[in-house]
Amino acid sequence: MRYTGPMDSTDVIILGGGLVGLTLALALDAHGLSAAVIDPIDPASTLSRDFDGRATAIASATWRMFDAIGIARDLRATSCPIKRIDVRDGLSPEALDFTPEDGDDALGTMVENRLIRKALFEAASAAQGITPYYQDRATHIDRNAHGVTVDLASGKSIRAPLILVCEGRNSPTRAAAGIAIAHWSYDHRAIISAFDHIIPHHNVAHEIFFPAGPFALLPMQPGTRSALVWTVDEKDADGVLALSERAFAAEVQKRTGGVLGAITMAAHRSSYKLGFHHAAHITAERLALVGDAAHGIHPIAGQGLNLGLRDVATLVEVLVDGARLGLDLGDAQLLARYERWRGLDTFMVALATDSLTRIYGVPGKTARAVRRFGMGAIQRIKPLKNRLMAEARGESGDLPKLLKGELV
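Below, the structure is looked at part by part. Keep in mind the model is a prediction, meaning the values are calculated, not measured. (Residues numbered from 1 in each chain as written. Predicted model: local features only at pLDDT ≥ 70, side-chain atom pairs only at ≥ 80, totals over all residues. Heavy atoms only, no water.)

**As for the overall build of the protein chain**
Each helix and strand in the protein chain was counted, giving 12 helices and 22 strands. Burial statistics for the protein chain: of 408 residues in total, 51% are counted as buried. Expressed as a percentage of contacts within the protein chain between residues at least 6 apart in sequence, the contacts between residues at least 24 apart total 73%. A total accessible area of about 18,000 Å² is found for the protein chain, and carbon and sulfur atoms account for 54% of it. (Helix = DSSP H or I, 4+ residues; strand = E, 2+ residues; numbered from the N terminus. Buried < 20%, exposed > 50% of the residue type's maximum accessible area, 1.4 Å probe, protein only. Contact = heavy atoms within 4.5 Å. Areas by Shrake-Rupley, 256 points an atom, 1.4 Å probe, with all protein chains shown as cover.)

Next comes the structure, spelled out in structure tokens:
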């Protein structure tokens, strides 16, 4: 039996209070739209270092959105701009380097996920237009021509014109809506940690490609600490995780080629399985998928979270424009605009990351020679190189205003 007591009303209901969900709520609040944020997890646990030891390279365009909604100022002191990216095929002495021109934005900014989450949580707690329903979950969702009603396990009920799904890769709401996804596993696992090193990183990120996958060294504060994302075959992952700290550090140092000197581990190890998924549609009746609920890609280019935050910027502009025209926020035309705007970008990024994963996974001298020839060509062709740097910054295509640092 459904709950029939007093009902709360809001402009949108957001399922999921993670990095994407809270950014979405704050961006809407900055434009005067209210949101109810429903998340089953206790916020205190999500702010723990053990909850998510990852750090993310926030693209320049995404950072401008953080600036516009007031988050960047809380992250600057602990963030680290990426001023150059060196890419190598194995331990080749020749690197493809991506270095912005003088005066250009950094290629990205490294920030610990827990610090982003903390800044978002504190800002959301202070926002008048955001109503949190933490440690609660939806038990029934009714979407129809008149609106959306969500009943919660706590016994409360919420009504809005639109529901926004930010539940992550295994979204139950996406499945219940009957939205099909293409998905597969890479049979790889990403091992996450951080380490201190003798040689300063000088704000340079290193992406080293081995047959099992990329081995990324990402600069953090202070200048002698780096984050690690090491992709290993699934069959080897448990063995790597079981290594002693000293043995693990030795393996990491061997794969760095000594570029950062002697290292010591500075964080515990964690891991997650790597896979790909892409929703056939990102909208349905009075529903929109955002972030990992819509698409999940290989971390080979560090674009996963940035792709979700580009969803946020686009969706906010669509909804704010609709609200100013007096439209129902769940109007099918608004949702169609969001789907069209995000469709090409998400597909092209997904295709590019999947292709890179497969190209660099091909073993043998011939494949290695072809890859190094291609990298050399990119190094020499400046317009192509600049285009790739624009992609890394998240600055290509038709950018929403938030990604330009402007409110809508």
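**A closer look at a nonpolar patch on the surface**
A contiguous nonpolar surface patch, about 320 Å² in accessible area, is contributed by L344, F347 and M348. Overall, the relative accessible area of 44% leaves F347 in the partly exposed class. (Patch = residues over 30% accessible without salt bridge, like charges linked within 9 Å, V, L, I, M, F, W, Y side chains within 5 Å. Salt bridge = Lys/Arg side-chain N within 4 Å of Asp/Glu carboxyl O.)

**Some details on the nonpolar core**
With 72 residues, the main nonpolar core has I14, L24 and L164 as its most contacted residues. For this core, the element with the most residues is helix α9 (residues 304–324), which contributes nine residues. With sequence-adjacent residues up to four places away left out, I14 is seen in contact with G21, L24, A25, L28, A35, A36, V37, I38, L164 and C166. Counting 24 residues, the second-largest nonpolar core is a separate cluster that includes L96, F98, A190 and F276. (Core = buried A, V, L, I, M, F, W, Y, C linked by side-chain atoms within 4.5 Å.)

**Looking at the sheet that holds strand β8 (residues 108–112)**
In spatial order, the strands read β4-β8-β5; together these three strands make up an open sheet with antiparallel pairing. At either end of the open sheet lies a strand with only one pairing partner, and these are β4 (55–59) and β5 (80–82). Geometrically, the sheet is characterised by an average inter-axis angle of 35° between neighbouring strands, direction not taken into account. The strands touched by helix α3 (residues 60–68) within the sheet are β4 and β8, with β4 carrying the most contacts at an inclination of about 90°. Each of β4 and β8 touches helix α5 (residues 113–126); the most contacted strand, β8, lies at about 85° to it. (Pairing = 2+ DSSP bridges. Axes fitted to C-alpha atoms, helices over the stretch in contact; angles between N-to-C directions.)

**Re the pairing of β8**
Put simply, side chains in a regular strand alternate between the two faces of the sheet. With five of five residues buried, β8 lies mostly within the body of the structure. Burial of β8 is two-sided: the residues G108, M110 and E112 facing one way and the residues T109 and V111 facing the other way are all buried. Where β4 meets β8, five bridges bridge the pair, whose relative direction is antiparallel. Bridge pairing in β8 links I58 to T109. In this structure, β5 lies alongside β8, joined through three bridges in antiparallel fashion. In the sheet register, I82 faces β8, and the bridge partner there is G108.

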